[in-house]
Amino acid sequence: MEVAGMDYFCDQVQQKDVGRRMQVGQELLEYLGDPGRSPDVEQDQQRLDKVIDELAAWVNSSNFKVRP
């Protein structure tokens, strides 16, 4: 299995499917929770900003399954 990185998450957070969002959300939490797996987070600020912007859109979503 290919190791997920910021490129992967940048693409995945743009998904519209709620089920996929929930899966990607969990994967992202695990990725960010382990600094050994996520060395590229601090190296690509623009990509990290894009991921955060997309996640903010999820939180503002009116879909109760995505909203915290």
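See the structure printed just above.
The paragraphs below set out a description of the structure included in this document. (Residues numbered from 1 in each chain as written. Predicted model: local features only at pLDDT ≥ 70, side-chain atom pairs only at ≥ 80, totals over all residues. Heavy atoms only, no water.)

### Examining the overall build of the protein chain
Alright, step 1. If you tally the helices and strands in the protein chain, you get three helices and zero strands.
Alright, step 2. In sequence order, the secondary structure elements of the protein chain are arranged as α-α-α.
Alright, step 3. Taken over 68 residues, the protein chain has a buried fraction of 29%.
Alright, step 4. Contacts in the protein chain between residues at least 24 apart in sequence constitute 56% of all its contacts with a sequence separation of at least 6.
Alright, step 5. For the protein chain, the accessible surface area stands at approximately 4,900 Å², while carbon and sulfur atoms represent 51% of it. (Helix = DSSP H or I, 4+ residues; strand = E, 2+ residues; numbered from the N terminus. Buried < 20%, exposed > 50% of the residue type's maximum accessible area, 1.4 Å probe, protein only. Contact = heavy atoms within 4.5 Å. Areas by Shrake-Rupley, 256 points an atom, 1.4 Å probe, with all protein chains shown as cover.)

### Observations concerning the environment of Gln23
Alright, step 1. Mapped onto the elements of the fold, Gln23 is located in helix H2 (residues 18-33).
Alright, step 2. Between the alpha carbons of Gln23 and Gln12 there is a distance of 9.8 Å; along the sequence they are eleven residues apart.

### A closer look at the pattern of salt bridges
Alright, step 1. For the coordinates displayed, the defined rule picks out two salt bridges.
Alright, step 2. Taking the shortest distance from any N to any O, the salt bridge between Asp7 and Arg47 comes out at 1.9 Å. Taken as a pair, Asp7 in helix H1 (residues 6-12) and Arg47 in helix H3 (residues 45-59) lie far apart in primary sequence, 40 residues in all.
Alright, step 3. Looking at Asp7, the relative accessible area reads 47%, which means it is partly exposed.
Alright, step 4. By relative accessible area, which is 28% here, Arg47 ends up partly exposed.
Alright, step 5. Here Glu27 and Arg20 are joined by a salt bridge, their closest N and O atoms 3.8 Å apart. (Salt bridge = Lys/Arg side-chain N within 4 Å of Asp/Glu carboxyl O.)

### Examining H3
Alright, step 1. Across its 15 residues, H3 extends 21 Å between first and last C-alpha, which sits within 8% of the 21 Å expected from 1.5 Å per residue.
Alright, step 2. Within H3, burial applies to Leu48, Val51 and Trp58. For H3, the angular spread of the buried residues around the axis is 70 degrees, confining them to a single face. When the buried face of H3 is taken as reference, the exposed residues oriented beyond 90 degrees from it are Gln46 and Asp53.
Alright, step 3. Buried-residue contacts for H3 involve H1 and H2. (Expected span 1.5 Å × (residues − 1). Arc of directions from axis to C-beta.)

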